[in-house]
Amino acid sequence: MPKQASPKKASARIDRLLDWWGTKMLSEVSPTTCRDYAKARSKRGGSRRDLEDLRAAINHHAKRNLHTGYVEVDLPQKGAPRGAWLTRDEVAKLLWACWRHGRTVRLPRGKEKGKVVESEWHDLRHIARFILMGIYTGSRSGAIFSASVYAGANRSFIDLESGLFYRLAEGAAETNKRQPPVRLPKRLLAHLRRWKDKGVIAQYVVEWDGLPVKSIKVGWKRAVQLAGIQKTISPHTLRHTAATWLMQQGVDKWETAGFLGMSEQMVDRVYGHHHPDFMTVAADRITRKRARQ
């Protein structure tokens with residue numbers, strides 16, 4: 001558990017598994033009972049993730065010779081890749097909505113006492129900074145939340161001198177979700193240097209009262225509403241968008257994979273169809289007559 005990236009989420013999965021499997025024996029784990037669990041859990045993606053933990057626990061048990069024989073954990077089929085992404089106009093609307101939104105206050109005194117006016121307190125600008133980091137680096141939310149212009153324990157470090165973003169937080173263990181260093185685009189680097197010089201950020205890129213923000217669920221929902229975006233999107237959509245834009249610009253798949261911290265196979269499977277070279281040879285050749293021998 002302590003080695004999990006999100007111990008609380010892992011704990012919740014184990015609680016669900018124990019509620020359903022806790023009184024059963026290993027001999028009762030079969031494709032049929034796994035399908036029964038998935039049906040009871042109702043959510044295909046959630047049940048698959050739970051059963052992956054069950055499989056890992058059984059394999060852990062077997063490696064220590066605590067049982068013999070093969071126990072099959074049947075996993076629900078993977079869902080289709082999430083392909084939602086944002087256009088540049090939609091990103092601009094999101095940023096503008098976050099930047100200009102001000103908190104309203106009711107005047108406490110004076111001739112206009114009781115009147116509701118917009119204050120100079122902008123409570124969504126930290127989300128604008130999150131969006132810029134997400135869209136220009138394609139990083140996962142965790143790396144952005146811990147991103148700091150000062151190196152330190154449990155922080156992802158933004159080196160403003162070299163222009164590199166060390167996404168893996170200091171002291172954190174490397175996981176399957178790779179977080180290699182990434183070179184910051186010049187436009188984003190200029191923003192970061194200005195924010196630091198003007199005191200917009202004290203330590204973290206996405207902070208509130210000088211402390212790192214852990215979640216933007218509420219603010220994100222508000223920003224999407226203000227921007228008038230009708231798509232169902234989440235903060236992770238920014239990562240999908242970055243990958244899509246890179247493909248649309250014709251960036252090499254190997255370089256895209258390194259920039260985003262994902263496998264080349266994943267880039268090709270999920271985003272490859274956005275590349276301008278996608279099936280161009282086949283589309284061109286299909287209309288040609290066969291050359292005479």
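Residues numbered from 1 in each chain as written. Predicted model: local features only at pLDDT ≥ 70, side-chain atom pairs only at ≥ 80, totals over all residues. Heavy atoms only, no water.

Just give me the short version of the overall build of the chain, but keep the residues and values in it.
Helix and strand content of the chain: twelve helices and eight strands. Since a compact globule built from 293 residues should have a radius of gyration of about 19 Å, the 24 Å found for the chain marks it as more spread out than a globular shape. Expressed along its principal axes, the backbone C-alpha trace of the chain runs to roughly 80 × 70 × 40 Å. For the chain, the proportion of its 293 residues judged to be buried stands at 37%. (Helix = DSSP H or I, 4+ residues; strand = E, 2+ residues; numbered from the N terminus. Rg over C-alpha atoms; globule rule 2.2 N^0.38 Å. Buried < 20%, exposed > 50% of the residue type's maximum accessible area, 1.4 Å probe, protein only.)

Give a description of the sheet that holds strand β5 (residues 164-166) that names residues and reports values.
Ordered in space as β3-β4-β5-β6, the four strands form an open sheet in which the pairing is mixed. Strand pairing shows two members of the sheet lacking a second neighbour, β3 (147-148) and β6 (182-183), which therefore form its edges. (Pairing = 2+ DSSP bridges.)

Can you tell me about the packing of aromatic side chains, naming the residues and giving the values?
The description of two aromatic rings rests on the distance between their centres and on the angle between their planes. A complete count under the given rule lists five aromatic pairs for this structure. The interplanar angle of 40° and the centroid separation of 6.1 Å between the aromatic rings of W21 and Y37 together place this pair among those described as tilted. In this pair, W21 sits in helix α1 (residues 7-21) while Y37 sits in helix α2 (residues 31-41), placing the two residues 16 residues apart along the sequence. Considered together, W21 and Y37 belong to a single accessibility category, that of buried residues. An aromatic cluster is present here, built from W20, W21 and Y37 joined pairwise through their rings. The ring of W99 has R125 lying over it, and the distance from NZ or CZ to the ring centre is 4.1 Å. (Phe/Tyr/Trp six-rings, centres within 6.5 Å; stacked < 30°, edge-to-face > 60°. Lys NZ or Arg CZ within 6 Å of the ring centre and 35° of its normal.)

Provide a residue-level description of the pattern of salt bridges, including the pertinent values.
Summed over all chains, the structure comprises nine salt bridges. For D74, the salt bridge goes to R35, with nearest N and O atoms at 3.9 Å. Separated by 39 residues along the polypeptide, D74 in the loop between α3 (44-63) and α4 (88-100) and R35 in helix α2 bring together distant segments of the chain. Under the relative-accessibility criterion, R35 is labelled partly exposed at 46%. Residues E90 and K231 are paired through a salt bridge, measuring 3.0 Å at the closest nitrogen-oxygen approach. (Salt bridge = Lys/Arg side-chain N within 4 Å of Asp/Glu carboxyl O.)

Would you mind going over the pairing of strand β4 (residues 156-159) in detail, with residue names and values included?
The pairing of β3 with β4 spans two bridges and is classified as parallel. Counted as the bridge partner of S148 is F157 from β4. Relative to β5, β4 runs antiparallel, the two sharing three bridges. Bridge pairing links F157 to Y166 in β5. Here β4 folds back onto β5 in antiparallel fashion, the turn holding four residues, of which G163 has a positive phi close to 80°.

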